Amino acid sequence: MNITVDPGEIAKFEAMAAEWWDVNGKFKPLHMLNPCRLDYITQQIAAEFNRDLKTRDPFAGLRILDIGCGGGLLAEPMARLGADVVGADAAERNIPVAQVHAEQSGLDIDYRFTTAEAMAEAGEQFDVVLNMEVVEHVAYPLAYLTACQQLLKPGGLMVCSTINRNAKSYLMAIIGAEHIMRWLPKGTHEWDKFITPDELFDLIGNAGLEPVDRTGFVFNPIAWSWSLSGRDLSVNYVTSSIKPKGYLRMGSS
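Residues numbered from 1 in each chain as written. Predicted model: local features only at pLDDT ≥ 70, side-chain atom pairs only at ≥ 80, totals over all residues. Heavy atoms only, no water.

## Regarding the environment of Ala-139
Among the structural elements, Ala-139 can be located in the loop between β4 (126–132) and α6 (141–150). Distance in space between the C-alpha atoms of Ala-139 and Asp-6 is 5.3 Å, their sequence separation being 133 residues. With residues up to four places along the chain from it excluded, the contact list for Ala-139 reads Thr-4, Val-5 and Asp-6. (Helix = DSSP H or I, 4+ residues; strand = E, 2+ residues; numbered from the N terminus. Contact = heavy atoms within 4.5 Å.)

## Some details on unusual backbone geometry
Of note, the phi angle at Asp-57 is positive, near 50°, even though the residue is not glycine. With respect to the element layout, Asp-57 can be found in the loop between α2 (28–49) and β1 (63–67). On the basis of relative accessible area, Asp-57 is assigned to the partly exposed category, the value being 37%. (Buried < 20%, exposed > 50% of the residue type's maximum accessible area, 1.4 Å probe, protein only.)

## Re the sheet that holds strand β7 (residues 225–229)
Taken in spatial order, the eight strands line up as β3-β2-β1-β4-β5-β8-β6-β7 in an open sheet, and their pairing is mixed. Lying at the two open borders of the sheet, with one neighbouring strand each, are β3 (110–113) and β7. Each strand of the sheet is rotated relative to its neighbour by a mean of 20°, with strand direction disregarded. Bridge count between strand β2 (residues 84–89) and β3: four bridges; the pairing is parallel. Along β3, the bridge assignment pairs Gly-87 with Tyr-111. Of the strands in this sheet, β2 and β3 are in contact with helix α4 (residues 94–104), which crosses β3 at around 170°. Sheet contacts for α6: β1, β4 and β5 (152–163); angle to β5, the most-contacted strand, approximately 145°. (Pairing = 2+ DSSP bridges. Axes fitted to C-alpha atoms, helices over the stretch in contact; angles between N-to-C directions.)

Read these as spatial facts, not as claims about activity.
Encoded structure:
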């Protein structure tokens, strides 16, 4: 089993674990981005599985994995929409934080201290894999994305977001967010680990998935808010990809 976890990256998030639900803490950028992320995620799931978001529990019957779940900022909304949710994280200290908050919120979420590779090896299968802001922190992106593909049922959906690699992303995601705004501790991101949209599409395709969409998350400093853009993928962006329905696991016949 090829473990793609980067111990140095895990240590960064272990150190911040207690602050996951502090909207003005170290995860303030994620709290600000979360409504925009959720808008994209829910629309993609609803379209792929023909669900009406106006109904009660629109994701009932869907098994969703939030890989790199952190404190549960995405897992909890998915559970509220009726999905059977598993939240997994390789940073052990994140799990009790997520468990306590879910319990306080009256939500039943299966949180686990584990990796994508371990779950794939155990034969776990999901309708949806949420893979948000993780791929730029792993040691081997292709091996990691391949494990995510193995976790999907045929016909399943992976939503994967990351940060583009260019001069603008360096200025905004590192200089701006870490040094000027101090939203994140210095060193949270490494620019050379950022991935361009074309590179991510190639990686997703090589992992056995079919990319079907890519959309930008754009921050407006005047409105102090995030929005979706079909054109501007210059810094933060998100992709959707499908596991072909006829896909067979290695060794199957």
